[in-house]
Structures are given as structure tokens and as C-alpha cells.
Amino acid sequence: MMRGGWHDRPLTHPGRGSHPEGGPHGAHPTAPCRARHVPAGPRPMTAALQSPLGAPVTFERVSKRYGDALAVDAVDIDVAPGEFFTLLGASGSGKTTTLMMLAGFQMPSSGEIRVGGRAITHVAPAARNVGMVFQSYALFPHMSVAENIGFPLRMRRAGGAARDAAVARVLSIVGLEGLGNRYPRQLSGGQQQRVALARAIVFEPPVLLMDEPLGALDKHLRAHLQVEIKRIQARLGLTVLYVTHDQEEALTMSDRICIMRDGRILQTDSPEALYDRPADTYVAGFFGESNIVTARADGDGHALFGPARVPLPAGVRPGAAVDCAIRPERISLAPAGAPASGGALRVPATVTAATFVGDYRRYELALADGTPLSVREALRETRAGFTPGAAVTASWAPGAMRFFVDGRAVA
Ligand SMILES: Nc1ncnc2c1ncn2[C@@H]1O[C@H](COP(=O)(O)OP(=O)(O)OP(=O)(O)O)[C@@H](O)[C@H]1O
């Protein structure tokens, strides 16, 4: 929705799963249900129709308490101008509450939020100038597509010609040229979500909030719109705060991802860093798979991963229980007895299961002492796959391993 303003929205708060004319977001009973009124927009229309750069967004020690429950616990977030920033976490981790505090629909219990360097914690939603898109499209059913998209501009008293031009422009940006006269009920789910996106960006807000915007769409359409949203965001230079619980979506779309759990931020990093250097076992478990063996550190800086003796990072004290992790795709397989490549850890194993999964093969192995190991091998035309019972050597670079003590990564 537009500018986060109560005036800009259908009469109910368009939370996930809610219909524009239906009940408010169940998890947010305090959401606004005000009648529309014409706001004093923060910028004159002429400025709003120029292309602005995205604004930086800062949360400083922001908490939100509902009664006894701490939904968001002293979070610090810094989003750069034009950055695609994703909040990712399990259900109830505080993602939506964080977004709603930025939109102005929830008031922080403590801390400060700034947009473009300006403290907005006590600024009314209408004056925050953020665009919003929700899983439920929250379109006005009695308005045409063009009227829906032009609505925020009308609320900002944009003249007819300027409004028509802006609507035509965003219709083209979201790929809906020619559909301006249709009504929402005459559109597919994906098209309706494009209208919602067009409506959120028509006044060119420097910050766009998206809360599970693709959650209602099928997988194929999701993938398509993910690319579209990224394209539009890059083209307009918008700062995007995006909420999802889909890790693949987060990895594909984000410049940085902030992992939330129980209202806290566990790690904020690039997708690559989160995948390769998770700060703890929870984050490691969030993305992809890992083979994890818990072992005792010996007095010589090593631990046994099954039968393999692996070097540990400096700083692991002797006797500590260490979770030693290696991702399935970092392991190579060769027939037993094949020449060794230098530097790799090499472990004899037996294939217990082999599965063809299209672009890769997945193997389950048993190491000599029975330790199970999953391997994911990209298909190579030059070699046939191994079959169950085959004797193989599994190998990987020691540097590909990650180690955790008491759940925290040790580097
Ligand atoms: N209005 C409210 N009153 C009381 N508790 C609330 C309210 N809104 C959210 N909560 C609680 O705050 C916590 C965080 O909720 P929030 O909706 O932010 O999580 P989320 O990560 O967005 O979850 P989901 O992915 O399921 O939407 C949850 O425990 C939730 O039950």
C-alpha cells in the first residue's frame, strides 16, 4: 500500500490473508480502521513524480512488547539506500512487527527508527512516505485497475493529466499495459499482485515494504515475479524491506538478509556469507543442508569426523564438544583407489543410496565406522553415477568445513 497512510488503504488493514473489505490482520488487532481523509503529503506531487533515490533506514535498539511478550527485542538494523533487505525467520520471529513499526502501524515500546536520517518513530503513518505491498493484494474491488493505481495520487491531489501519465508509466513498469480498465476480479492472482505493486510505487516512495507479497502465488509465478520485483527495484533505486519465511526467495532476491528468531537478530549478512559463514547452528540449518558430526577436540587441535581426523580452528579448547559441519555439495566422490588430489581430506565410504534429482545426484554414504554422509554431486556427462554398494572415496577441502561450539561458529 501507499505511503503507509491510513487514508490510502481500504477501510481495513490489509494484513496477510485478509481481504480489503474483510477483517483486519488477526495478529495485529490494533491496526487502523479509519475512514479515509486527504492527507497533507510530505512532498508536492511534482516532486513525487520525479525519480528519487532510495532512503537509508535505521532501527536503533527497537523493541516491541505486547503485554508480557517481547515480540521484537532491541533490534539494530541499518539498511543502505537502494538496498534490497530481507527479514527472514520462522513464524512468530518478529518480522511483521518490525515492518509494521517502520510503517507506523505499530508503535515501538522503545528505541528509534529513522528514514533518510529523520526520526520517524512518532511520525504518523501518513507522513512516512513508504509504499507497502502485502500478501493479500488489498485492491479496491469497485475500482478499475487504473483507479486503484491512481488512488494514492488522488489522495495526494495529483491533477488528472499527471495522474494518468504516472498510472500509465507504472502499468508499463509492472507489465500490465492495456489492462487499466479491468476490475480486480477480472485479473489473475499474479496480475492483482502487480497492480498492488504498481499502486505502492506510483508515488515513488523512497522505501518500499513488502510482507510476503508472493505468498499467495504458485511456484512458477513466484519465481517470475521475484525477478520482476528485483528489476523494478533496481530501476527505481528503491530501498526495499522484504519479509519472507522462504529461504530460497530470500537468497535469490536480497542484497542482505537479516535472520530473526524470537524477536532477536541472529545474523545480518549477504546471502553468500550466510550460507558459507553462518554465525551459529540455527542459521546454518536455515539454508541448505549440512552433515554435522559432534566430536571431542583432542589435545592436538583435531577432532574425529567419523574415521577422519580433521584440523580444528585455533581457539577450540581440548575436550570441547565441537559440531563439525560439511555441506553435501562440497564433497567430491571418486572410485575407491583413484589417485588423490593434494590437500583434501579423504575418507573411504560405501554408497548406501543413490538418487537422480535432475541436475544433480544425491548419494547417501556410510563411512568406515558407520557415520552417515550425504553428498550432492552436480551431473557430469563424462561419468556414470555410483550405485549402492560401490566403494568410493569421499573428499573435501578442510577449509570447506565449519565448526560450532555451544552452537556458535568458531572461525
Ligand atoms: N497485536 C499483537 N498482540 C499480541 N501479540 C502479537 C501481536 N502481533 C504479533 N504478536 C506476537 O508477536 C510475535 C511476533 O509476531 P510477528 O507477526 O511479528 O511474527 P512473524 O515473524 O511476522 O511471523 P509470521 O511469519 O507467522 O507472520 C509473535 O509471538 C506474535 O504472536
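Given the structure is predicted, the values throughout are model-derived calculations rather than measurements. (Residues numbered from 1 in each chain as written. Predicted model: local features only at pLDDT ≥ 70, side-chain atom pairs only at ≥ 80, totals over all residues.)

Asks: Tell me about the overall build of the protein chain, and name the residues and values.
Replies: Helices and strands together make up the secondary structure of the protein chain, namely nine helices and 21 strands. Considering the protein chain as a whole, with its 411 residues, one finds that 41% of them fall into the buried category. When contacts within the protein chain are restricted to residue pairs at least 6 apart in sequence, long-range pairs at least 24 apart make up 67% of them. (Helix = DSSP H or I, 4+ residues; strand = E, 2+ residues; numbered from the N terminus. Buried ≥ 20, exposed ≤ 12 C-beta atoms within 10 Å, placed from the backbone. Contact = placed C-beta atoms within 7 Å.)

Asks: Which residues make up helix α6 (residues 219-236), and what values do they have?
Replies: In a regular helix each residue adds 1.5 Å, so 18 residues correspond to 26 Å; α6 covers 26 Å between its end C-alpha atoms and thus fits that length. The inward-facing, buried residues of α6 abut β3 (84-89), α4 (160-173), α5 (189-201) and β8 (239-244). Immediately downstream of α6, the backbone of Gly237 shows phi near 70°, a positive value. (Expected span 1.5 Å × (residues − 1).)

Asks: An account of unusual backbone geometry is needed here, citing residue identities and associated values.
Replies: Of note, the phi angle at Asp262 is positive, near 50°, even though the residue is not glycine. The exposure class assigned to Asp262 is partly exposed, which follows from the 14 C-beta atoms found within 10 Å.

Asks: Can you lay out the environment of Leu345 for me, pointing to particular residues and giving the numbers?
Replies: Its place among the elements puts Leu345 in strand β16 (residues 345-356). The spatial distance from the C-alpha of Leu345 to the C-alpha of Glu248 is 30 Å, given a sequence separation of 97 residues. Setting aside anything within four residues of it in sequence, one finds Leu345 in contact with Ala308, Val310, Ser395, Trp396 and Pro398.

Asks: Account for the sheet that holds strand β2 (residues 69-79), with residues named and values stated.
Replies: Read from one edge to the other, the open sheet built from four strands follows the order β2-β1-β4-β5, with strand pairing classed as antiparallel. Of all the strands in the sheet, just β2 and β5 (118-119) have a single pairing partner and so form its edges. (Pairing = 2+ DSSP bridges.)

Asks: Give me the sheet that holds strand β21 (residues 408-410): which residues, what numbers.
Replies: What the four strands build is an open sheet, ordered β11-β14-β20-β21; its pairing is antiparallel. In the strand order of this sheet, the two ends are held by β11 (291-296) and β21, each with one partner. Neighbouring strand axes in the sheet, compared pairwise and without regard to direction, differ in orientation by 35° on average. Pairing analysis gives three bridges linking strand β20 (residues 402-405) to β21, with the strands arranged antiparallel. When the bridges of β21 are listed, Val405 appears paired with Arg408. (Axes fitted to C-alpha atoms, helices over the stretch in contact; angles between N-to-C directions.)

Asks: Before we move on, can you summarise helix α3 (residues 145-155) with the specific residues and values?
Replies: Of all eleven residues in α3, nine are buried, a share of seventy percent or more. Those residues of α3 lying buried are Val145, Ala146, Asn148, Ile149, Gly150, Phe151, Pro152, Leu153 and Met155. Where α3 is buried, its residues contact α4 and α5. Following α3 by one or two positions, Arg157 adopts a phi angle in the positive range, close to 60°.

Asks: Describe the UniProt feature "domain: ABC transporter" (unreviewed entry) in the protein chain, and please don't skip the residues or the numbers.
Replies: In this numbering, the UniProt entry assigns the feature "domain: ABC transporter" (unreviewed entry) to residues 57-287. This span, residues 57-287, is 36% helix and 27% strand, and a straight line between its end C-alpha atoms measures 26 Å. (UniProt positions renumbered as here; feature names shortened; annotations may be inferred.)

Asks: Explain the domain arrangement of the protein chain residue by residue, including any values.
Replies: We note that the domain assignment places domain 1 (6-281) and domain 2 (289-410) within the protein chain. Contacts between the two partners involve four residues from domain 1 and, on the opposite side, five residues from domain 2. Broken down by class, the residue content of the side of domain 1 that touches domain 2 amounts to two nonpolar, one polar and one charged. (Domains from an automatic or database assignment. Nonpolar A, V, L, I, M, F, W, Y, C, P; charged D, E, K, R; others polar.)

Asks: So, the nonpolar core: which residues are in play, and what are the values?
Replies: Ranked by internal contacts, the top residues of the largest apolar core, which has 96 residues, are Ala198, Leu209 and Leu241. Take this core: its biggest share by element is six residues, from α5. Two domains each put at least three residues into this core: domain 1 (6-281) and domain 2 (289-410). Sequence-distant contacts of Leu209, that is, excluding residues within four places in its chain, are made with Leu99, Leu102, Ala103, Val130, Gly131, Met132 and Leu241. (Core = buried A, V, L, I, M, F, W, Y, C linked by C-beta atoms within 7 Å.)

Asks: Go over the environment of Ala303 with me, naming the residues and quoting the values.
Replies: For Ala303, the location among the structural elements is in strand β12 (residues 302-305). Linking Ala303 and Cys324, residues 21 residues apart in sequence, is a C-alpha distance of 8.5 Å. For Ala303, the contacting residues outside a window of four places in its chain are Ala295, Arg296, Ala297, Asp298, Val310, Leu312, Val322 and Cys324.

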